[in-house]
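# Observations on the model geometry
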Amino acid sequence: MIARELINSREMSVMADAEHIYPIGVVQKLTALSCRQIRYYEERGMVSPARSKGNRRMFSQKDIERLMEIRDKLNEGWLLQAIKDVICSNRRDTSNRAYRLNEEHREFERSGA
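Residues numbered from 1 in each chain as written. Predicted model: local features only at pLDDT ≥ 70, side-chain atom pairs only at ≥ 80, totals over all residues. Heavy atoms only, no water.

What follows deals with the environment of Ala32. Along the chain, Ala32 turns up in the loop between helix H2 (24-31) and helix H3 (35-43). Using a relative accessible area of 64% as the deciding quantity, one classes Ala32 as exposed. Taking C-alpha positions, Ala32 is 8.6 Å from Arg71, a pair spaced 39 residues apart along the chain. (Helix = DSSP H or I, 4+ residues; strand = E, 2+ residues; numbered from the N terminus. Buried < 20%, exposed > 50% of the residue type's maximum accessible area, 1.4 Å probe, protein only.)

The following block contains the structure:
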């Protein structure tokens, strides 16, 4: 994987449960998000990276996929709260409600009201 080439041994200080862990700088390059955006999504509870012994954020492949999903939905015009409802819930009914809410908002914006 290309991400592996971006990581030097010093940054790769933590491995958890045989899962590849990436520091925020690598995640930034892989997701095309700024460090500030990544930290913001963490503050909102949308992603929960592990922490190294030195308290550095260390992201899993699942975290990276979630960040890319957030980025893609924002680019499609989704509201951040609707995205959070979808990705932070395992219940299908909440996901459908968030999707409908987002569609209603987009229709409202298109109508110029």
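Let us look at the pattern of salt bridges. All chains considered together, the criterion is met by four salt bridges. As a salt-bridge pair, Glu42 and Arg51 come within 3.4 Å of each other at their nearest N and O atoms. Among the salt bridges present, the one from Glu42 reaches Arg57, with a minimum N-O distance of 2.4 Å. Taken as a pair, Glu42 in helix H3 and Arg57 in strand S3 (residues 57-59) lie far apart in primary sequence, 15 residues in all. Under the relative-accessibility criterion, Arg57 is labelled partly exposed at 22%. (Salt bridge = Lys/Arg side-chain N within 4 Å of Asp/Glu carboxyl O.)

Before going further, it helps to spend a moment on H3. Residues Ile38, Tyr41 and Glu42 constitute the buried set of H3. The buried residues of H3 occupy an angular sector of 105° when projected down its axis, which confines them to one face. Summarising the contacts, the buried residues of H3 are in contact with H2, strand S2 (50-51), S3, helix H4 (61-75) and helix H5 (80-87). Just downstream of H3, Gly45 is the residue with a positive phi angle, here 80°. (Arc of directions from axis to C-beta. Contact = heavy atoms within 4.5 Å.)

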